[in-house]
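# Results of the structural survey
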Amino acid sequence: MNSLTNSNLKVYKKLVKPFNIDNLVFLLDEIENSKDGIREKIVNILDNFNFNKNTIGYIYIIECIDFCLINNINIMPRSKILYNEIAKIHNYDNSKKIGWNIDKAIKLMNEETSSNIKIDLLNNSMPSTKYFLNCILKELNDKFYYKNISEC
């Protein structure tokens, strides 16, 4: 019972005993299905920024956020750890390429996106890679019933 009370998940629905097992199964399916379309929701948020969607860095950004959401990670882990996980997905030996491409994509986004948009959405006119990824992850975590994390 302790592990449930210390869980990272928000309360979705309370069931009072005795409850119908079909209701429990239905609610669990509903929670799982709320994760469908995660990539689409990531892309919808990233559409607010002027990314070059044809770059591999943009794809890696989506994969990093997707990886964190699927694995219930609320705050981006150290970049080396995260990039190593993405490298494993692509069967790369070295994760430096991933980090370099993400940094480059965010640098270009910073140059191409107006400061007003970045301030409105991120509270920062020149976000670092980690700050940007954490803010997007927080926005999506809040939409997927995960525990609120501190402000970006």
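Everything in this summary refers to the structure shown in the same document. (Residues numbered from 1 in each chain as written. Predicted model: local features only at pLDDT ≥ 70, side-chain atom pairs only at ≥ 80, totals over all residues. Heavy atoms only, no water.)

## Focus on helix α5 (residues 79–89)
Since the α-helix turns once every 3.6 residues, residues separated by three or four places project in the same direction. Of all the positions in α5, only Leu-82, Tyr-83, Ile-86 and Ala-87 are classed as buried. The buried residues of α5 occupy an angular sector of 140° when projected down its axis, which confines them to one face. Facing away from the buried side of α5, by more than 90 degrees, are the exposed residues Lys-80 and Lys-88. Taken together, the buried residues of α5 touch α4 (56–70), α6 (96–112) and α8 (129–143). Positive phi appears at Asn-91, one or two residues downstream of α5, with a value of about 60°. (Buried < 20%, exposed > 50% of the residue type's maximum accessible area, 1.4 Å probe, protein only. Helix = DSSP H or I, 4+ residues; strand = E, 2+ residues; numbered from the N terminus. Arc of directions from axis to C-beta. Contact = heavy atoms within 4.5 Å.)

## Looking at the packing of aromatic side chains
Under the counting rule described, the total for this entry stands at three aromatic pairs. Here the aromatic rings of Phe-49 and Phe-132 are separated by 5.2 Å at their centres, their planes lie at 80°, and the arrangement is edge-to-face. In this pair, Phe-49 sits in the loop between α3 (38–46) and α4 while Phe-132 sits in helix α8, placing the two residues 83 residues apart along the sequence. A relative accessible area of 0% means that Phe-132 is categorised as buried. In this structure an aromatic cluster arises from ring pairing among Phe-49, Phe-51, Tyr-58 and Phe-132. For Lys-97, the ring lying beneath its charged end belongs to Tyr-92, and the centroid distance is 4.7 Å. (Phe/Tyr/Trp six-rings, centres within 6.5 Å; stacked < 30°, edge-to-face > 60°. Lys NZ or Arg CZ within 6 Å of the ring centre and 35° of its normal.)

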